[in-house]
Amino acid sequence: MAKAIFTTKVNPAYDDLPEQRYHFPRRYLNAARRALNDWIVYYEPRRSSAHLSSSGGRQAYFATAYVESIEPDPLRDDHYYAYVRDYLEFDTPVPFRENRFYYESGLQKEDGSTNKGRFGLSVRSLPNPEYRLILSAGFTDMDRELETPGVYEEGSRIPDLVEIADRSVIQQISYRPFRDRVFSAAIRAAYDNTCAVTGLRIINGGGRPEVQAAHIKPVKDSGPDSMRNGLALCQTAHWMFDRGLISVADDYTLLLRDGAIPGDFLRIINEDRRLTIPDVPSHRPHPNFLKYHREQVFQIHA
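Residues numbered from 1 in each chain as written. Predicted model: local features only at pLDDT ≥ 70, side-chain atom pairs only at ≥ 80, totals over all residues. Heavy atoms only, no water.

K.L.:
If you had to explain the state of the cysteines to someone new, which residues and values would you point to?
P.N.:
Throughout the structure, instances matching the rule amount to 0 disulfides. Cys-195 carries a free sulfur, and the closest cysteine sulfur to it, the one in Cys-234, is 3.8 Å from it. For Cys-234, a relative accessible area of 15% translates into the label buried. (Disulfide = S-S within 2.5 Å. Buried < 20%, exposed > 50% of the residue type's maximum accessible area, 1.4 Å probe, protein only.)

So, in structure tokens, the structure goes:
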């Protein structure tokens, strides 16, 4: 097991859906296999697509996930899928370089310049300390203090501090309340604390937004904590969405269950009967998750 960097573009040439799978050619198979049953960091390069002239990528690390299996692509020879779980986006994308500091030490040559050969590898190994460093920069809410080894019986092995620190980070990013806080903050920020169904933006007396972060594909069905799997909804809209009374088409048209929506609520739904979406394309609901909600939540309650 070894941690790794997986590079994926805004408009990937391969069949990537980072929340669920990473598609890669055989040349990266050994490197990907070393990351099996361990954690990876996703990196978005400058190029936004396979075209050499493309640009617009953030050149930043943007999420982490756990690799649980690697399988051959049944439709494309010499290509494979790494299937992941526990995907979690950083609340702050982390640039690969800040001034002269590189989060991946292997990307820096002895003369201080970028090692373009290694930088060009779509899958590359990542030492544990550098993994922790990237996560600490990416999650502002993360506890950066190491656990204290404590007291051990005589003759027992005292855990290495690096091993303890690694375990502490993994515990945090696997902890549901931590994941909920990160997901909720990201969704509220992406939608400017505004309900995507009604356009309501209510801030209570304490300055706390009333809008809630809703998963499109539910967590109980392995829905990821991704902005592309989230919506900002007021409490009533959230309740209706979770119970399949409301859904969303791929063009963001609202789908409403006939005869099931109270008239009072219909009057406050967006006038054009369309979902309000974030300005940033990568923050908008992904068709994969919208399709799941229509077929597995909306339709089964029809």
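K.L.:
Give a description of the pattern of salt bridges that names residues and reports values.
P.N.:
Following the criterion strictly, the structure yields 16 salt bridges and no others. The shortest N-O distance in the salt bridge between Asp-221 and Lys-220 comes to 3.4 Å. As a salt-bridge pair, Glu-295 and Lys-291 come within 3.0 Å of each other at their nearest N and O atoms. Of this pair, Glu-295 and Lys-291 both sit in helix H8 (residues 287–298), 4 residues apart, which is roughly one turn of the helix. Classification of Glu-295 as partly exposed rests on a relative accessible area of 39%. For Lys-291, a relative accessible area of 41% puts it in the partly exposed group. Through salt bridges with shared partners, a single network forms among Arg-176, Arg-179, Asp-180 and Asp-225. (Salt bridge = Lys/Arg side-chain N within 4 Å of Asp/Glu carboxyl O. Helix = DSSP H or I, 4+ residues; strand = E, 2+ residues; numbered from the N terminus.)

K.L.:
Which residues make up the pairing of strand E10 (residues 230–233), and what values do they have?
P.N.:
A two-sided burial pattern is seen for E10, the buried positions comprising Gly-230 and Ala-232 on one face and Leu-231 and Leu-233 on the other. As paired elements, strand E9 (residues 212–215) and E10 share 4 bridges and run antiparallel to each other. Counted as the bridge partner of His-215 is Gly-230 from E10. (Pairing = 2+ DSSP bridges.)

K.L.:
Tell me about the environment of Leu-29, and please be specific about residues and values.
P.N.:
Inspection of the secondary structure assignment puts Leu-29 in helix H1 (residues 29–34). Taking relative accessible area as the criterion, Leu-29 reaches 5% and is therefore assigned buried. Put simply, Leu-29 and Tyr-81 are 52 residues apart on the chain and 9.5 Å apart in space, counted from C-alpha to C-alpha. Apart from the residues within four sequence positions on either side, Leu-29 is in contact with Phe-24, Ile-70 and Tyr-80. (Contact = heavy atoms within 4.5 Å.)

K.L.:
So, the nonpolar core: which residues are in play, and what are the values?
P.N.:
As a rule of thumb, soluble globular proteins bury nonpolar side chains together. By size, the foremost hydrophobic cluster in this structure holds 31 residues, and its most contacted members are Val-197, Leu-233, Phe-265 and Leu-275. Those elements giving two or more residues to this core turn out to be helix H5 (176–190), E9, E10, helix H6 (235–242), strand E11 (246–248) and H8. Each residue touching Phe-265, except ones within four places of it in the same chain, is listed here: Val-197, Thr-198, Cys-234, Thr-236, Ala-237, Met-240 and Ile-246. One finds Trp-39, Phe-96, Leu-107 and Leu-135 within the second-largest nonpolar core, a separate group that totals 24 residues. (Core = buried A, V, L, I, M, F, W, Y, C linked by side-chain atoms within 4.5 Å.)

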